[in-house]
Amino acid sequence: MTAAPPSLATTARPTTRAIATIVLGLLAGIAIVVALPIVAGMSKKLLVLGVLGSMFLVAGIAVGQPRLALLFAWVGSLTYDRAFYKLAPILGDHGAHSGYIILSDAFLALLFALWAWEVTVLRRPLRRLNPTLLLWFAPFPLVALVGAVAAERPEWALVELLRWGKIAAILVYFAFNMGRAEWLACAAGLGAAACLQAGLAVLEVVAGRSGVLWLIGLGTEVADIPKGFEHEAFYGTRRGIGTMNHPPHLADYFITVIPMFVAVMLGARAWLARLPSALVVVAGLAGLGATLSRWPWMLMVLALVAVAAVLMWLRLTDARRVLGLAAMGLFALMLALAPLQQRIIDRFTGDFRESVDYRLEDTRVALAIFAEAPLLGTGINNYRTRLVVHDPRAKWALKNERLAIDVVQVRLIVAPLNLYLFVLAETGIIGFLAYLLFPLGIALHGMRAIARTRGGWQAAQVGLLVGMGALLAAQVVDHALWADPLLNTMALVGAMLAAAPRASREGAAYNARVQGDTLGRTP
C-alpha cells in the first residue's frame, strides 16, 4: 500500500523550511506593495473575496498544508461565476467573445506555483502519472482547433480554445496531485460550496433581492442594474441564483454534487462522514427548490432513487435506512421550503408551454446552422456569426453584450437551450462525437472506481457517477455545462473518479496506521 504523502512542512529540512519562510515573506511584502494601487480602486466585493482567499492561504501555510487549503478554496470559488475581461490587451477586444479570467483561476495558478515549488525546491518526487482521462478529453479541443481554421471568426475560436486548455491543465494537475487528502479536500469544498449557494438562493427568494451580498453592504443596488437585465425581466419571478448567472446553472450544480453526499449519508459507517453529508443534502435540496427549476428537480428525484438502488444492490445500505432517512429528509425539506410553497406551485404550473415553444425554436435554429456545415460546424465560439440570420430574437442580447461585460460582469452565452445541439452546430458531427468521448471516459473511470473501492469510498463514487449522469441529462434543456462553474466541476468530478482507487488505498493505509498507533498507546 502507498502511504499518504507527508505535508510540505514535514518533507522539507529545517534549513529549507527557513529559506522558504523568508522567501514567502519577501514575496508577500512585494505582493502587498504591488497590490496597494489595485486595492485602492477595487470594489468592496472583490476586496472581501481577496481577503478571504488570503486567509485560506495563510491558514494552509500555518498548518503545513497549503495545497489542501488552496484546493478547498479553488473548488469553492468555482461557483463564483463572474467574468473579468482583463485579457483584451493580450488577446484583443472581441466583445463577449474576448478572453477573460474568473476568481478560481487565481487559486489554480497558486496551486501550480506551489506544485512547482515542491518539485524544484523541496524535491518532492512526482507520483505516477495516470493520463487516461486526459486522452479521453483531448480529441474534442483538437477537432475544434481544426474547425477553427475554416471559421468565420477564427480569433474567437482560438480565444475559446484557451478555456479548454485550462481544463486540460486541471486534468494534468490532478493526475499528479490527487491522493486521499486531496480527494477529501475537494469533497469538502464541494459540500461547502453547495451549502453556501443554497443559503444564498433561499435568502434571495425569501427577501426578493438577488445576490444577498446587500446584507453586508456589498451588493449591487437595484437602480444600478441596466434596464432589461433585472431578474424578473428574464424569469418573470424571483428565483435563486446564488453567485451563478442563471437559476438552471445553480440547479445543475446541485444535481451534480448532492448525490455524492446522499450516497455517503446512506453508505458510510462513520458518523463523522454521515452527519456533515446529511447537512449538505438538506441544504442543497432547499437551494434546489429555491431555483424553481423544473427539469433539474425531476432529475434529482431520479438520481436519489438511483443512488439508493445501487447502494442496496452493493449491500452498502438497506431499505430500512433508506426509508428512514428519506422520511426525515423530506420532513426537513418541507419545513425549509414552506415559505416558497406558492412560488413553487406557480412555477410548476406556469409558463410551461412558453418554455417548450422557446426550446423548439432554439432547436430549429441550431439545426439550420448545423446544416450549413455538418462536418466541422460553424466553428467553436462562432455560433453568433450565423445566429441573427436564422433567429431575429438574438438581436437584443447582441446589442446589450457590452452592458453584460462591463456592468453585470457576466459571460453572455448566446446558445440554444440544448447543449448537444449547440456543440453539434459549432463543431459539426465530428466535434460532437469527440465531445461525447470525455463524459464517456468519466463514466468508465467511475465504474472502475466503484469496482475498486469499498465502504464509504465506494458509496461516494456511486454518488459522483450518478450526479454526473444527472448533469449530462439536464443539458437536453440547457447549456449550463458550457459555463465555467459546471465545466470546471465536470473536470474535477472526472479527476476524483479517476483517482478514487488510489485515494482509497491511501485511506486504508492511513486508517491502519492510526489504529496501530492507538493500540500502541493502549495501557
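Residues numbered from 1 in each chain as written. Predicted model: local features only at pLDDT ≥ 70, side-chain atom pairs only at ≥ 80, totals over all residues. Heavy atoms only, no water.

## Section: the packing of helix H4 (residues 66-77) against helix H10 (residues 180-207)
How two helices pack is summed up by the angle between their axes together with the distance between the axes. The N-to-C vectors of H4 and H10 enclose an angle of 35°; their axes lie 8 Å apart at closest approach. At the point where H4 passes H10, the crossing takes the right-handed sense. Residue-level contacts link Arg 67, Leu 68, Leu 71, Phe 72, Val 75 and Gly 76 of H4 to Ala 181, Glu 182, Ala 185, Cys 186, Ala 188, Gly 189, Leu 190, Ala 192 and Ala 193 of H10. Tallied by class, the residues present in the contact of H4 with H10 amount to 11 nonpolar, 2 polar and 2 charged. (Axes fitted to C-alpha atoms, helices over the stretch in contact; angles between N-to-C directions. Helix = DSSP H or I, 4+ residues; strand = E, 2+ residues; numbered from the N terminus. Left-handed = near helix turned anticlockwise from the far one by under 90°. Contact = heavy atoms within 4.5 Å. Nonpolar A, V, L, I, M, F, W, Y, C, P; charged D, E, K, R; others polar.)

## Some words on the packing of aromatic side chains
If you walk through the whole model with that rule in mind, you get 16 aromatic pairs. Between Trp 164 and Trp 482, the aromatic rings sit 5.3 Å apart at their centres with planes inclined by 55°, giving tilted as the arrangement. Within this pair, whereas Trp 164 is found in helix H9 (residues 154-177), its partner Trp 482 is found in the loop between helix H22 (455-474) and helix H23 (484-521), the two being separated by 318 residues in sequence. The two residues Trp 164 and Trp 482 agree in class, both being buried. Put simply, the rings of Phe 137, Phe 140, Trp 164, Tyr 383, Phe 422, Tyr 435, Phe 438 and Trp 482 pair up and form one aromatic cluster. Sitting above the plane of the Tyr 80 ring, Arg 82 keeps its charged end 5.9 Å from the centroid. The cationic tip of Arg 274 hangs over the ring face of Trp 271; the distance from NZ or CZ to the ring centre is 4.4 Å. (Phe/Tyr/Trp six-rings, centres within 6.5 Å; stacked < 30°, edge-to-face > 60°. Buried < 20%, exposed > 50% of the residue type's maximum accessible area, 1.4 Å probe, protein only. Lys NZ or Arg CZ within 6 Å of the ring centre and 35° of its normal.)

## Notes on helix H14 (residues 294-313)
The end-to-end C-alpha distance of H14, which contains 20 residues, comes to 29 Å, matching closely the 28 Å that a straight helix rising 1.5 Å per residue would cover. Taken residue by residue, H14 has Arg 294, Pro 296, Trp 297, Leu 299, Met 300, Ala 303, Val 307, Ala 308 and Leu 311 as its buried positions. Within two residues after H14, Arg 315 carries a phi angle of roughly 65°, on the positive side. (Expected span 1.5 Å × (residues − 1).)

## Remarks on the environment of Ile 102
Take Ile 102: it is sitting in the loop between helix H5 (88-91) and helix H6 (103-120). Ile 102 sits in the buried class, given a relative accessible area of 7%. In this structure Ile 102 touches Arg 82, Ala 83, Phe 84, Lys 166, Asp 484 and Asn 488, once residues within four positions along its chain are discounted.

## A closer look at the packing of helix H21 (residues 419-451) against H22
The contact between H21 and H22 brings their axes to 10 Å, and the two run at 165°. Taken together, the axes of H21 and H22 are roughly antiparallel relative to one another. Relative to H22, H21 is oriented so that their crossing is left-handed. Two secondary-structure elements touch here, H21 through Tyr 420, Pro 439, Ile 442, Ala 443, Gly 446, Met 447, Ala 449 and Ile 450 and H22 through Gln 458, Gln 461, Val 462, Leu 465, Met 468, Leu 472 and Ala 473. For the contact of H21 with H22, the per-class residue count stands at 12 nonpolar, 3 polar and no charged. (Parallel < 35°, antiparallel > 145°, perpendicular 65-115°, else oblique.)

## Quick word on empty space enclosed by the protein
In this structure the tally under the stated criterion is 3 cavities of 30 Å³ or more. By volume, the second largest cavity amounts to about 50 Å³. Contributions of two or more residues to the lining of the second largest cavity are made by H21 and H23. Ranked by residues supplied to the lining of the second largest cavity, first place goes to H21 with 3 residues. Here the residues of the lining of the second largest cavity sort into 8 nonpolar, no polar and no charged. (1 Å grid on protein atoms, 1.4 Å probe; cavity = no way out; pocket = protein on both sides within 12 Å on 5 of 7 lines; lining within 4 Å. Points joined across faces, edges and corners; volume = space filled by probe spheres on them.)

## A short note on unusual backbone geometry
Phi at Arg 123 takes a positive value of approximately 60°, unusual for a residue other than glycine. The topology assignment puts Arg 123 in the loop between H6 and helix H7 (132-137). A residue is classified by how much of its surface remains accessible, and Arg 123, at 65% relative accessible area, is exposed. The backbone of Asn 381 sits at a positive phi, close to 65°, despite the residue not being glycine. Here Asn 381 lies in the loop between helix H17 (352-372) and helix H18 (383-390). The class of Asn 381 is buried, set by a relative accessible area of 8%.

## Quick word on a nonpolar patch on the surface
A surface patch of nonpolar side chains, about 420 Å² in accessible area, is lined by Leu 375, Ile 429, Ile 430, Leu 433 and Leu 436. Looking at where Leu 375 falls in the secondary structure, it is placed in the loop between H17 and H18. Under the relative-accessibility criterion, Leu 375 is labelled exposed at 54%. (Patch = residues over 30% accessible without salt bridge, like charges linked within 9 Å, V, L, I, M, F, W, Y side chains within 5 Å. Areas by Shrake-Rupley, 256 points an atom, 1.4 Å probe, with all protein chains shown as cover. Salt bridge = Lys/Arg side-chain N within 4 Å of Asp/Glu carboxyl O.)

## Notes on the pattern of salt bridges
Under the definition given, this model contains 9 salt bridges. A salt bridge links Arg 163 to Glu 160, with the nearest nitrogen and oxygen atoms 2.7 Å apart. Pair noted here: Arg 163 and Glu 160 are both in helix H9, with a separation of 3 residues, about one helical turn. With a relative accessible area of 3%, Glu 160 lands in the buried category. When the shortest N-O distance is used, the salt bridge between Glu 372 and Arg 386 registers 2.9 Å. Of this pair, Glu 372 sits in helix H17 while Arg 386 is found in helix H18, placing the two residues 14 residues apart along the sequence. Judged by its relative accessible area of 41%, Glu 372 is partly exposed. Through salt bridges with shared partners, a single network forms among Arg 67, Glu 118, Arg 124 and Glu 182.

## Considerations on the nonpolar core
Soluble globular proteins tend to bury their nonpolar side chains together. Judged by nonpolar contacts, the single largest core of 121 residues is most densely connected at Trp 74, Phe 174, Trp 183 and Met 496. Residue contributions to this core peak at 14 residues, all from H21. Residues in contact with Trp 74, not counting those within four places in the same chain, are Ser 104, Phe 107, Leu 108, Leu 111, Ile 170, Phe 174 and Leu 492. (Core = buried A, V, L, I, M, F, W, Y, C linked by side-chain atoms within 4.5 Å.)

## Observations concerning the confidence of the model for the protein
In this model, the protein carries a mean pLDDT of 79, and residues with pLDDT of at least 70 account for 72%. Considering each helix and strand of the protein separately, the mean pLDDT is smallest for helix H1 (residues 8-11), with a value of 41, and largest for H22, with 96. Low pLDDT, under 50, characterises residues 220-224; the stretch is placed with 6 contacts to residues that sit more than four places away or in other chains. Predicted confidence is poor over residues 518-523, with pLDDT under 50, and the contacts of this stretch with residues over four places away or in other chains come to 0 contacts. (pLDDT = per-residue confidence, 0-100.)

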